[in-house]
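# Results of the structural survey
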Amino acid sequence: MTEDLRNKTCTPCRGGIPPLAPEQAEFFRTEVPDWRLEDDAQRIERKFGFHNFREALTFVQAIGELAEAEGHHPDICFGWGHATVSLQTKKIRGLHENDFIVASKIDRIFSDAASG
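Predicted model, so just to flag it, every value in this text is computed and none were measured.

A few words now on the packing of helix H2 (residues 53–70) against helix H3 (residues 97–115). Contact pair H2 / H3: the axes reach a minimum separation of 10 Å and the direction vectors enclose 145 degrees. The chirality of how H2 crosses H3 is right-handed. Contact residues: H2 offers Phe 59, Ala 62, Ile 63, Leu 66 and Glu 70, while H3 offers Val 102, Lys 105, Ile 106, Ile 109 and Phe 110. In the contact of H2 with H3, the residues fall into eight nonpolar, no polar and two charged.

Right, dumping it as structure tokens:
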């Protein structure tokens, strides 16, 4: 990674700025390669797998804590053995660097859970 996104903090987005262009979104997406660009590069999404409901719930709770700390909140759908996380900066109806910062931190949470 160029400047490790995991070490960055989300900056408040007040709207009024354009979302990332598809090319810019793809550049950032290469930093979080397990995430997919969706809706014409207006959001990113990743699916995660778990051994049971408790692991998925614990993961979702950790994402909730991260979201509150960063002030940037994903959409999450989860159930027994799975979670799907979707990120978009709603104020600009598209992607911002913040989405990729949070995605990289979610990847770290998942990696830490898988190794621990």
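Once the structure has been displayed, the description carries forward.
What follows covers H2. Between the first and last C-alpha of H2 there are 26 Å, a value that for 18 residues agrees with the 26 Å anticipated at 1.5 Å per step. Along H2, the positions that sit buried rather than exposed are Ala 56, Leu 57, Phe 59, Val 60, Ile 63, Leu 66, Ala 67 and Glu 70. Residue Asn 52 occupies the N-cap position of H2, its side-chain oxygen lying 3.1 Å from the main-chain nitrogen of Arg 54.

On to the pairing of strand S4 (residues 82–87), then. Extensive coverage of S4 is indicated by the burial of five of its six residues. Here strand S2 (residues 43–49) runs beside S4; their pairing, made up of six bridges, is antiparallel. Note on S4: the bridge partner recorded for Lys 47 is Thr 84. The pairing of strand S3 (residues 75–79) with S4 spans five bridges and is classified as antiparallel. Within S4, the residue paired with Cys 77 across the bridge is Thr 84. Counted between consecutive antiparallel strands, the loop separating S3 from S4 contains two residues, among which Gly 81 sits at a positive phi close to 80 degrees.

Right, let's get into the pattern of salt bridges. Going through the model one piece at a time under the given rule, you end up with nine salt bridges. Glu 26 is the salt-bridge partner of Arg 29, the closest N and O atoms lying 3.0 Å from each other. Taken together, the residues span about one helical turn, with Arg 29 and Glu 26 both in helix H1 (residues 22–29) at a distance of three residues. Taking relative accessible area as the criterion, Arg 29 reaches 17% and is therefore assigned buried. Of the charged contacts, one joins Arg 36 and Glu 45 as a salt bridge, the two residues approaching to 3.0 Å between their closest N and O atoms. On the basis of relative accessible area, Arg 36 is assigned to the partly exposed category, the value being 37%. The network of salt bridges with shared partners includes Arg 36, Glu 38, Asp 39, Arg 43 and Glu 45.

Scoring rules and cut-offs
- Residues numbered from 1 in each chain as written.
- Predicted model: local features only at pLDDT ≥ 70, side-chain atom pairs only at ≥ 80, totals over all residues.
- Heavy atoms only, no water.
- Axes fitted to C-alpha atoms, helices over the stretch in contact; angles between N-to-C directions.
- Helix = DSSP H or I, 4+ residues; strand = E, 2+ residues; numbered from the N terminus.
- Left-handed = near helix turned anticlockwise from the far one by under 90°.
- Contact = heavy atoms within 4.5 Å.
- Nonpolar A, V, L, I, M, F, W, Y, C, P; charged D, E, K, R; others polar.
- Expected span 1.5 Å × (residues − 1).
- Buried < 20%, exposed > 50% of the residue type's maximum accessible area, 1.4 Å probe, protein only.
- Polar contact = N/O pair within 3.5 Å; in protein donor to acceptor, adjacent residues only side chain to side chain.
- Pairing = 2+ DSSP bridges.
- Salt bridge = Lys/Arg side-chain N within 4 Å of Asp/Glu carboxyl O.

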